[in-house]
Amino acid sequence: MSQGSSQGLSRGDRRRNGKLSLLRKVIGRDTAVVAFDLAADKQVCAVTGPDSQVLARRTARVKAWQLGEVVAWGIAQARRAGYGLVVVACEPTGHRWRVLDQLAAAQSAVLVCVQPLLVHRAEPVIFSV
């Protein structure tokens, strides 16, 4: 038997809970997420609430450095839905996320990079009906 805490939590459980509480400080219940799937010529944007409900979706056939209008659109959609805080999110794959970071900063938004493996694992839960 392991020497875990009195609640029966493992060290991994405690670390995971700690990371989630740090994430909740950045993305609270009043925060919308403008999430991007970045590729070479086709970018997909989804505006979601804090519980992953999709508020708006848009596809743009542009390069990553041409996404300024789409970032502004996503922030406007989040504000229209009543969210005061907006976070831009993407997977940090390739070099495109750095451009998105600059575009988000130009709109006074913070970019949050998410680990691709965690996104892959969460997809069945987040998008289940």
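Computed from a prediction, not measured in an experiment: that's the story for all the values here.

About the thresholds
Residues numbered from 1 in each chain as written. Predicted model: local features only at pLDDT ≥ 70, side-chain atom pairs only at ≥ 80, totals over all residues. Heavy atoms only, no water. Buried < 20%, exposed > 50% of the residue type's maximum accessible area, 1.4 Å probe, protein only. Helix = DSSP H or I, 4+ residues; strand = E, 2+ residues; numbered from the N terminus. Pairing = 2+ DSSP bridges. Arc of directions from axis to C-beta. Contact = heavy atoms within 4.5 Å. pLDDT = per-residue confidence, 0-100.

S.K.: Describe the pairing of strand E2 (residues 43-48), with residues and values.
M.R.: Where burial is concerned, most of E2 is hidden: 5 out of the 6 residues are buried. Following strand E1 (residues 31-37), the chain reverses through 5 residues before pairing antiparallel with E2. Relative to strand E3 (residues 54-60), E2 is paired through 6 bridges, and the arrangement is antiparallel. Looking across to E3, one finds that Ala46 is bridged to Arg57. Connecting E2 to the next strand, E3, in antiparallel fashion are 5 residues, including Ser52 with a positive phi near 75°.

S.K.: Please provide a residue-by-residue account of helix H3 (residues 96-106), values included.
M.R.: All of the buried residues in H3 are Val99, Leu100, Leu103 and Ala104. Buried residues of H3 fall within an arc of 140° about the axis and therefore sit on the same side. Set apart from the buried face of H3 by more than 90 degrees, the exposed residues are Arg98 and Gln102. Buried residues along H3 sit in contact with E1, helix H2 (68-80), strand E4 (85-90) and strand E5 (110-113). Of the residues trailing H3, Ser108 is marked for its positive phi of about 60°.

S.K.: Describe the confidence of the model for the chain, naming the residues involved and giving the relevant values.
M.R.: Confidence in the prediction of the chain, expressed as mean pLDDT, is 83, and 84% of residues score 70 or more. For the chain, the element scoring lowest by mean pLDDT is helix H4 (residues 116-126), at 49; H2 scores highest, at 97.

S.K.: Describe the pairing of E1, listing the residues and the values that go with them.
M.R.: Across the 7 residues of E1, 5 count as buried, placing the element largely inside the fold. Relative to E4, E1 runs parallel, the two being bridged by 6 bridges. Bridge pairing links Ala32 to Val86 in E4. Sheet topology note: the E1/E2 ladder contains 5 bridges and is antiparallel. Residue pairing across strands places Ala35 opposite Ala46, the latter belonging to E2.

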